[in-house]
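Chain by chain, the residues run as shown.
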Amino acid sequence: MAEQMEKLPADQLVADFTPPTAAVRSLRKLSEQKPRRAASSEKMTPGRRIGRIALYAALVVFAIALLMPFAWMVLSSFKSANEVFSVPVKWFPETWVWQNYIDIWTESNMLVWIRNTLFLAVVVTFLQVLTGSFAAYGFARMRFKGRDVLFLLYVGTIAVPWQSYMIPQFILLSNFKVSNTLWAIILLQAFGAFGVFLMKQFYETIPEELSEAARIDGLSEYAIWRKIMLPLSIPALASLTLLTFVNTWNDYLGPLIYLRNPDLWTIQLGLKSFVSNLFDTNYALLFAGLTISVIPIAIIFLLGQKYFVEGIATSGLKG
């Protein structure tokens, strides 16, 4: 019996160093530890607490100020035409006019406008993501003479306002016989320097060793971009997709210049046709159309908000 007692500590010591027992003991120690309070909560002074409360209050006030015009537009879409600009201002309608959302479909080509806008937004977004991510890979991973200078020149076009060269651009597209077609908008916005800049910033955060290992395995540069870089760049791709889709959906000046046929109008041009003059416009009906136009953008942003924030943060952009 004494010999067994002497052997017991040694056996237990050996057993403790076997992988299963060591793992179990480690997990048991972690479970027995009491959770520690965060250091920030321990050091929270009354002054810091008041400052944080004031910051949150300011953010709430700022958010309410931003949402007030949108809320007024939505509520006004349920008012009658004479009640929209009543004095004093009434936020809630006395009688909820649901007929506005029926009339906007029956008295206009809303379905055609949404179809054209959706087609342009989807096609332009796809092309910008495709060309932007592919060109960004060349600037981020390929080595060629004059690469940095070419990238600076290309990105520098962001600072040039479109209004300064839209007339020569219109003449060029008219000579190609694509004016007054949806192809004019697609060719204008299929390439963008901002997308190249955004994707290049994100690509540079991906370790170069992954590309080098892929080259050793025999992958081409195209295969590296498609199989390695794109799957790792989901946040940046989501950010570029959201920004491009929103800009194309809300674009007004481009369709105004190139789309003269009413059957090609986007939702922005179509809603503008409701405004003939200041005193002969059914603003309640117009606000109903504007509310409908905002719904797709709000849904897409809510679905991609997580990836959008992550993509902007990891690409090094500051807003």
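Everything below is about the structure printed above this text.
This report concerns the structure included in the present document. (Residues numbered from 1 in each chain as written. Predicted model: local features only at pLDDT ≥ 70, side-chain atom pairs only at ≥ 80, totals over all residues. Heavy atoms only, no water.)

**Here we look at the environment of V129**
Line of reasoning, step 1. By the secondary structure assignment, V129 is in helix 6 (residues 110-141).
Line of reasoning, step 2. Note on V129: relative accessible area 15%, which makes it buried.
Line of reasoning, step 3. Along the chain, V129 and G195 lie 66 residues apart, while their C-alpha atoms are 7.0 Å from each other. (Helix = DSSP H or I, 4+ residues; strand = E, 2+ residues; numbered from the N terminus. Buried < 20%, exposed > 50% of the residue type's maximum accessible area, 1.4 Å probe, protein only.)

**Points about helix 9 (residues 182-189)**
Line of reasoning, step 1. Burial in helix 9 covers these residues: L182, A184, I185, I186 and Q189.
Line of reasoning, step 2. On the buried face of helix 9, the contacting elements are helix 6, helix 8 (166-175), helix 13 (234-250) and helix 14 (253-258). (Contact = heavy atoms within 4.5 Å.)

**Comments concerning helix 10 (residues 193-203)**
Line of reasoning, step 1. Along helix 10, eight of the 11 residues are buried, which leaves the element largely enclosed by surrounding structure.
Line of reasoning, step 2. Buried within helix 10 we find A193, G195, V196, L198, M199, K200, F202 and Y203.

**A look at the pattern of salt bridges**
Line of reasoning, step 1. Under the criterion given, the structure shown has six salt bridges.
Line of reasoning, step 2. Of the charged contacts in the structure, one is a salt bridge between R141 and E208, with a shortest N-O distance of 3.1 Å. Here R141 is found in helix 6, whereas its partner E208 is found in helix 11 (residues 208-216), with 67 residues between them in sequence.
Line of reasoning, step 3. When the shortest N-O distance is used, the salt bridge between K200 and E204 registers 2.4 Å.
Line of reasoning, step 4. Exposure remark for E204: the relative accessible area of 43% places this residue in the partly exposed category. (Salt bridge = Lys/Arg side-chain N within 4 Å of Asp/Glu carboxyl O.)

**Examining unusual backbone geometry**
Line of reasoning, step 1. Backbone geometry places K177, a non-glycine residue, at a positive phi of 65°.
Line of reasoning, step 2. Looking at where K177 falls in the secondary structure, it is placed in the loop between helix 8 and helix 9.
Line of reasoning, step 3. By relative accessible area, which is 70% here, K177 ends up exposed.
Line of reasoning, step 4. Located in the positive-phi region is N180, a residue other than glycine, with phi close to 65°.
Line of reasoning, step 5. Its place among the elements puts N180 in the loop between helix 8 and helix 9.

**So, the environment of W265**
Line of reasoning, step 1. Here W265 lies in the loop between helix 14 and helix 15 (267-272).
Line of reasoning, step 2. In this structure W265 comes out as partly exposed when scored by relative accessible area, which is 22%.
Line of reasoning, step 3. For the pair W265 and L182, spaced 83 residues apart in sequence, the C-alpha separation works out to 9.3 Å.
Line of reasoning, step 4. Once residues lying within four places of it in the same chain are set aside, the contact partners of W265 are V112, W113, N116, L259, R260, G270 and S273.

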